[in-house]
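# Structure at a glance
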Amino acid sequence: MATRPEAVGVGACDDAGAPLQEFWAEQRTSLQKALLRSDAPYAAATWSTVERMLGSYVDDWARASEAHCTTQLVASADADTLERQAQCLASRRSAVEELVAVLSTSEEGLSQQAVQAVVTLAPVEACADPRRLEAFAVARAPEAIEAINQARAQLARARAHGGMAHYDHAIQLANGVIEVGQRYDDPSTEAAGLLVRGQYAERRGDYPAAEQSLRDAIRLAEISDDHTTRALALIRLIYTVGRDSERHAEARSLGADAGAVLRMLGADPLLQANLDMNLGRADRVGRKLDDALTHYKSALETYSTIYGEDHPETARALTSLGGLYITREEPDLAVETLERAKASFEKTLGAEHPFVPVVLVNLGTAYKAQDDFPRAIETLELALVLRKRADGEKHPLVAKNLFNLGAAQYEARRYDDAIESLETGLDMLIELGTDEPARLGRYRLLIGSAYVNSGRPELARLWLQPLLEVFPDARGSSGKYARRTRFHLAIATMPVDLARARTLAEIARESAADTGTLTALLDDLLWLLDTIELGPSASAG
């Protein structure tokens, strides 16, 4: 049992929130100068949002600290709960101090990551919830308590660096926290370190390592009754597992587990919103589009209610929902939703922040789906300019932007422009070391199709023929690319080999759905081949 703190006198709690308020007052100007020192055109908007969000967080901490102090006046207050609350509030204070320290450096790129780093701060409200205080241990030796407190401060430092995209450093710091948890037999601290390590391994793209760390975090958090860490690890694991459409059922099962933990915690609305976002993504990948819509709408409602329209999390939810509307072939709703996302990001982060081109790519794709090709191309060209400004002339995201621009130019029948954009993006990916045949194949397929439609079958065959090995099965997960390859290659092959053209078209048609645009085109192509081979009367009969 913890030793009960000495009672405090009336009025003694008036300044309980002063430590963090004074820190913020002292550091605010330094942080402002650091963020505005950037030449980024969105620096001013970033500072305005960071100032508002951190100021609100500090005020929340001050109120919670005053409430904790006042509780010590009550003779019946539980000593263990008071100790856990004190540790929780200390960890939240450390998190703010570490984040401000990182943000106040002169490092390039601060303005780009600053708002998202503030968003990652754990909520102060959790320090008043007994169910979420189980993560904080009591009744330990003084040296153990000191080591664990230092480890949690280091965890705050890891999150601060992770929020700034310093993933390797964040993982290194998290490894130190894991070691402390193991040394003092504290599974909750070890689980918290594993959660952070898994989160940033996933951000770094090391998905197997991320999954293993997150599963270990879940196991240890369950052992220690650290329900918050368990819920967070489950939610993050859903994102990692849900990337693979073949693991959709597994992602949904993890979602059920996370939901049960959240109900135990009292269904924290922001944690529930994070769960909804990750389940929505898994459902979208798994083509359960109605379920995805339900989850994304629920998350958006929560973020809008708590944060308002002008907040990065609300804008992120709008972006995901808009992208889903594109997948659902509802372009009007997509445009409406994505324009809201764009306005929200521009107001909170600035019109040229790197998050904005993500929205612009989706928005340009939605305009394309509306057959508004001039507006689609204009929007995608702006996205490309902003992406290059953020990441340089050669970057995987620049190549992705070029693909989307090329697709819009293709639909607008600007085939030479499409070929130029797509070849530039393809060459960029190859130069950057991309070795994913299917990914590169999608560029080559669209280039070959552009050569078909612009009347250059010999060049089309050179691009499309190798793709028969890249997309061999018209019935598999890449079946649509296999069918499109064979359709366009059949057309390109007609001038030199009608029999082969027919074979290609028949293979594509056998696996196509009974209805759809490509199915109708394949039927027309087969009719045309019949007409050429047998003559009009035989085809009609």
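What you see is a predicted model, and the numbers here were worked out from it, not measured in a lab. (Residues numbered from 1 in each chain as written. Predicted model: local features only at pLDDT ≥ 70, side-chain atom pairs only at ≥ 80, totals over all residues. Heavy atoms only, no water.)

## Some details on the overall build of the protein chain
- For the protein chain, the count of helices and strands is 25 helices and 0 strands.
- Taken along the three principal axes of its C-alpha coordinates, the protein chain extends 105 × 45 × 40 Å.
- The 541 residues of the protein chain split such that 51% are buried.
- The contacts of the protein chain with a sequence gap of at least 6 include a subset with a gap of at least 24, amounting to 65%.
- When the accessible surface of the protein chain is summed, it comes to about 24,400 Å², and 49% of that surface belongs to carbon and sulfur atoms.
- The protein chain carries 59 positive and 80 negative side-chain charges, and their two centres are separated by 2 Å. (Helix = DSSP H or I, 4+ residues; strand = E, 2+ residues; numbered from the N terminus. Buried < 20%, exposed > 50% of the residue type's maximum accessible area, 1.4 Å probe, protein only. Contact = heavy atoms within 4.5 Å. Areas by Shrake-Rupley, 256 points an atom, 1.4 Å probe, with all protein chains shown as cover. Lys, Arg positive; Asp, Glu negative; His and termini not counted. Charge placed at Lys NZ, Arg CZ, Asp CG, Glu CD.)

## Thoughts on the nonpolar core
- Residues Leu31, Val50, Leu54, Val96, Val118 and Leu121 are the most contacted members of the largest nonpolar core, which totals 110 residues.
- Those residues in contact with Val96 that lie beyond four places of it in its chain are Leu20, Phe23, Leu54, Tyr57 and Leu121.
- Of all hydrophobic cores here, the second largest spans 26 residues; its members include Leu195, Ala221, Leu265 and Leu279. (Core = buried A, V, L, I, M, F, W, Y, C linked by side-chain atoms within 4.5 Å.)

## A closer look at a nonpolar patch on the surface
- A cluster of nonpolar side chains, contributed by Trp527, Leu528 and Ile532, occupies part of the molecular surface with about 300 Å² of accessible area.
- Inspection of the secondary structure assignment puts Leu528 in helix H24 (residues 517-534).
- Leu528 gets classed as partly exposed once you look at its relative accessible area, which sits at 35%. (Patch = residues over 30% accessible without salt bridge, like charges linked within 9 Å, V, L, I, M, F, W, Y side chains within 5 Å. Salt bridge = Lys/Arg side-chain N within 4 Å of Asp/Glu carboxyl O.)

## Examining the packing of aromatic side chains
- Within this structure, the stated rule accounts for 6 aromatic pairs.
- Ring plane angle 20 degrees and centroid distance 5.8 Å describe the contact between Tyr167 and Tyr200, whose orientation is recorded as stacked. On the criterion of sequence distance, the pair formed by Tyr167 in helix H6 (residues 167-183) and Tyr200 in helix H7 (residues 187-204) is long-range, its members being 33 residues apart.
- Where Tyr303 meets Tyr307, the ring centres are 6.1 Å apart and the plane angle is 15 degrees; that geometry is what we call stacked. Pair noted here: Tyr303 and Tyr307 are both in helix H12 (residues 289-307), with a separation of 4 residues, about one helical turn.
- For Tyr303, a relative accessible area of 1% corresponds to the buried category.
- The side chain of Arg243 reaches across the aromatic face of Tyr207, ending 3.5 Å from its centre. (Phe/Tyr/Trp six-rings, centres within 6.5 Å; stacked < 30°, edge-to-face > 60°. Lys NZ or Arg CZ within 6 Å of the ring centre and 35° of its normal.)

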